Number of protein chains: 2
Amino acid sequence: MLAQRIKKLKPYVPGEQPRDRTYIKLNTNENPYPPSPRIAPYLKSFDIEKLRLYPDPLFTALRQAIATRYGIDKAQVFVGNGSDEVLAFAFYAFFDSTAGTLLFPEFSYSFYPVYCDLYGIEYRKVPLNRDFSINISAYLQDASCGVVFPNPNAPTGLLLSIETVTRLMEQYPEDRVVVIDEAYIDFGGQSAVCLIDRFKNLLVTRTFSKSMSLAALRLGFAMGDEDLIKALFAVKDSFNSYPADLLAQQIGEIAVKDTEYYAGITQKIMESREVLSDQLRHMGWDVLPSQANFILTGKRGLSGEAVYTRLKENGILVRHFNIEGIQDFVRITIGTDEEIQALMEAIRRLF
Amino acid sequence: MLAQRIKKLKPYVPGEQPRDRTYIKLNTNENPYPPSPRIAPYLKSFDIEKLRLYPDPLFTALRQAIATRYGIDKAQVFVGNGSDEVLAFAFYAFFDSTAGTLLFPEFSYSFYPVYCDLYGIEYRKVPLNRDFSINISAYLQDASCGVVFPNPNAPTGLLLSIETVTRLMEQYPEDRVVVIDEAYIDFGGQSAVCLIDRFKNLLVTRTFSKSMSLAALRLGFAMGDEDLIKALFAVKDSFNSYPADLLAQQIGEIAVKDTEYYAGITQKIMESREVLSDQLRHMGWDVLPSQANFILTGKRGLSGEAVYTRLKENGILVRHFNIEGIQDFVRITIGTDEEIQALMEAIRRLF
């Protein structure tokens, strides 16, 4: 009864969201702090009568708020149901195997190959440098139909500087699209959004789930040239006219405008990341230099799976990947001070 | 810069959602009454800290509430971001041109051909009977890879009885999927959900946007055999792990459980539909016998476009379709008593 195409799918497996007990949850890169306090009064006074009408399919107010925040035009902004949906639309719109092979880093967001299988896009995983950084020259060497990578990369946390990104864009064919997935850019990186006027083939994607602490809301966006944004709208309007609901659009707008609150919690997370990284290094753990809200870390002689399993038994969830090359690491989300303290105590006790 | 596949898209155009002035809005089949009053206290006491974590990717509580309501098992329920997304996943999962041509009614939900273009599915529109009813024998005559139709149909409003649906299922090949899109079933029809245990190839889709008065929330679901539901999860997990946000899942759960409130407003809408239909017929308008929350109506000598345009000038939005065979009609959503009175006064004055 199933279509042929579904037999090729290898669905993405998100990090565990167990409901059986309360864990210290450091496995899905959620923000340990609550979202903007301005959201509570909005919800308290929300008139439920408004729920009976369809939301704005053009996301006008939210796109305007994003455009104002980043100093671009509303026509350069697209909104979707999480950056996962935005990425899914971008893969459909821009990547086409008849024009070449899609390239992305070997260790990267594991949803990319899933989208490729969904749409029948051929891809090649490009090895990282030995220090786990992205080797941009490898993306220029053969004919590709496009490039996608997270910056900072996940699960490594390593950042490409804006100078390096600019160099890639200068050398990459201007008729193929480069998607930079900036889910974690707010934790210490400089965004490539400053390049979208210069490079019409650059699409930058973002999420409200990490630095904005709104993972429950499912909201993401993309910024790029108006023609790229129009293409994303064409895909959206061929799939679901209204992927972002009214509450999500309005809460997103409130959050985007509350820059002061978010600067504070983001700063705190970056400081905690450095404290945690230092503590682990002092205990002999390898910690990649992260510019994200997580670290990739491991200790010689301990498998990632062993670290994951023993921490889970002790009520702490982290993420490990059974993938050769990173199987000796775990990815740990930066939590609150209390969570980090509990983690460190467990690590000292267990390993 | 665009993929070949995007050039074939002819995106769906939803009914207008104008923001320039306040209209009496009878064009997108929204519910004129507010959703369950139990939603307001939920939002008032909602703890925004919960927004920082990803929502349940399995929609466990909402699926259980739906299963309980319809007397089925949770494993027979899928949830998505509006029934549009659920339908998009179903088209991907079940309809495959290598197995034949997809069949749906000539006048029907205009998103169906859009999904076909999105995934490259060949389709054939099957003519309606002269009275605009669906001719089920036409769906049995040639090799098809599946069938999809709304019941009641839109924009006609005509209902297929459960006996007719059963006859179709009995005669249709059991290795091809039949999708019945029951967006409007609560307004007087009997659901085919009672048949999903007997026919493993039957998928019934539903929306919270019409009878549940939650169009702003973007929530839909499907009911069918566990194997069909698993296939929908595989597509979902290859596209977006969490398409229904936390607020939508929890508000949906509240709404599904408030059967008493919804029975009341649904009854009122059905009564208003009969009143409006009678008034129009008395004035010489043709009104198809609707079992939905809208009517398809027209008057000999007046084009649908003329009716639409003159009503819009007078602050009333209805929908017309520039499609041969129904271009002489307008589709009018059933509003409140006051809205219907204003509509009737305008029609008496203008035509």
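Cut-offs applied
- Residues numbered from 1 in each chain as written.
- Chains lettered and ligands numbered in written order.
- Predicted model: local features only at pLDDT ≥ 70, side-chain atom pairs only at ≥ 80, totals over all residues.
- Heavy atoms only, no water.
- Helix = DSSP H or I, 4+ residues; strand = E, 2+ residues; numbered from the N terminus.
- Buried < 20%, exposed > 50% of the residue type's maximum accessible area, 1.4 Å probe, protein only.
- Contact = heavy atoms within 4.5 Å.
- Domains from an automatic or database assignment.
- Buried area = accessible area lost by both parts, 1.4 Å probe.
- Salt bridge = Lys/Arg side-chain N within 4 Å of Asp/Glu carboxyl O.
- Polar contact = N/O pair within 3.5 Å; in protein donor to acceptor, adjacent residues only side chain to side chain.
- Nonpolar A, V, L, I, M, F, W, Y, C, P; charged D, E, K, R; others polar.
- Least-squares fit on C-alpha atoms with pLDDT ≥ 70 in both.
- Axes fitted to C-alpha atoms, helices over the stretch in contact; angles between N-to-C directions.
- Parallel < 35°, antiparallel > 145°, perpendicular 65-115°, else oblique.
- Left-handed = near helix turned anticlockwise from the far one by under 90°.
- Phe/Tyr/Trp six-rings, centres within 6.5 Å; stacked < 30°, edge-to-face > 60°.
- Expected span 1.5 Å × (residues − 1).

Q: I'd like a rundown of the side chain of Asn240 of chain B, residues and numbers included.
A: Summarising the element assignment, Asn240 of chain B is placed in the loop between α6 (226-236) and α7 (246-257). For Asn240 of chain B, a relative accessible area of 0% gives the class buried. The contact partners of Asn240 of chain B, leaving out residues within four places of it in the chain, are Asn81, Asp84, Glu85, Phe111 and Arg218 of chain A.

Q: Report on the domain arrangement of chain A, specifying residues and quantitative values.
A: Residues and elements named next belong to chain A. Assigned domains of chain A: these are domain 1 (12-34 + 260-350) and domain 2 (39-257). For the pair domain 1 and domain 2, the two sides together bury roughly 2,200 Å², of which 66% comes from carbon and sulfur. Taken as a group, Tyr12, Tyr262 and Gln291 account for 34% of the area that domain 1 buries against domain 2, more than any other trio of residues on that side. Where domain 1 meets domain 2, there are zero salt bridges. In this assembly, domain 1 and domain 2 are joined by eight residue pairs in polar contact (both at pLDDT 80 or more). Where the side of domain 1 that touches domain 2 is concerned, the elements lending two or more residues are α8 (259-282) and β10 (294-298). Here the element with the most residues in the side of domain 1 that touches domain 2 is α8; it accounts for six residues. Taken together, the residues of the side of domain 1 that touches domain 2 break down into 16 nonpolar, eight polar and four charged.

Q: Before we move on, can you summarise the relation of the copies chain A and chain B with the specific residues and values?
A: Once chain A is rotated about the relating axis by 180 degrees and shifted along it by 0.0 Å, it coincides with chain B to within an RMSD of 0.0 Å. Seen this way, the second copy is the image of the first under a two-fold rotation axis. No C-alpha of chain A approaches the rotation axis more nearly than that of Lys44 of chain A, which lies at 2.1 Å. A share of 99% of the interface residues of chain A reappears at the interface of chain B, consistent with the copies meeting face to face through the same patch.

Q: Describe the packing of helix α2 (residues 60-70) of chain B against α7 of chain B, listing the residues and the values that go with them.
A: Residues and elements named next belong to chain B. Contact pair α2 / α7: the axes reach a minimum separation of 9 Å and the direction vectors enclose 15 degrees. Classified by the angle between their axes, α2 and α7 sit roughly parallel to one another. Crossing of α2 over α7 shows left-handed handedness. Contact residues: α2 offers Ala61, Leu62, Ala65, Ile66 and Arg69, while α7 offers Gln249, Gly252, Glu253, Val256 and Lys257. Taken together, the residues of the contact of α2 with α7 break down into five nonpolar, two polar and three charged.

Q: How would you summarise the packing of aromatic side chains if you had to cite specific residues and measurements?
A: Tallying each qualifying case throughout the model produces 52 aromatic pairs over all chains. Residues Phe132 of chain A and Phe329 of chain A carry aromatic rings whose centres are separated by 5.6 Å and whose planes lie at 85 degrees to one another, so their mutual orientation is edge-to-face. Here Phe132 of chain A is found in the loop between β4 (123-126) and β5 (144-150), whereas its partner Phe329 of chain A is found in the loop between β12 (319-320) and β13 (330-333), with 197 residues between them in sequence. Grouping residues by exposure puts Phe132 of chain A and Phe329 of chain A together as buried. With centroids separated by 5.9 Å and ring planes inclined at 70 degrees, the aromatic side chains of Trp285 of chain B and Phe351 of chain B adopt a geometry described as edge-to-face. Here Trp285 of chain B, found in the loop between α8 (259-282) and β9 (286-287), pairs with Phe351 of chain B, found in the segment after α10 (337-350); they are 66 residues apart in sequence, far enough to count as distant. For Trp285 of chain B, a relative accessible area of 3% gives the class buried. On the basis of relative accessible area, Phe351 of chain B is assigned to the partly exposed category, the value being 23%.

Q: An account of α8 of chain A is requested, with residue identities and associated values reported.
A: Residue and element names in this part refer to chain A. An ideal rise of 1.5 Å per residue puts 34 Å on 24 residues; α8 measures up with 35 Å between its terminal C-alpha atoms. All of the buried residues along α8 are Tyr262, Ile265, Thr266, Ile269, Met270, Ser272, Arg273, Leu276, Ser277 and Leu280. The secondary structure elements touched by the buried residues of α8 are α1 (39-44), α7 (246-257), β9 (286-287), β10, β13 and α10 (337-350).

Q: With reference to specific residues and values, describe the pattern of salt bridges.
A: Should their charged atoms come close, side chains of opposite charge can pair. Overall, the coordinates contain 34 salt bridges over all chains when judged by the stated rule. Residues Glu226 of chain A and Lys230 of chain A are paired through a salt bridge, measuring 3.9 Å at the closest nitrogen-oxygen approach. Taken together, the residues span about one helical turn, with Glu226 of chain A and Lys230 of chain A both in helix α6 (residues 226-236) at a distance of four residues. The residue Glu170 of chain B makes a salt bridge to Arg198 of chain B at a minimum N-O spacing of 2.8 Å. Here Glu170 of chain B is found in helix α5 (residues 162-171), whereas its partner Arg198 of chain B is found in the loop between β6 (177-181) and β7 (202-207), with 28 residues between them in sequence.

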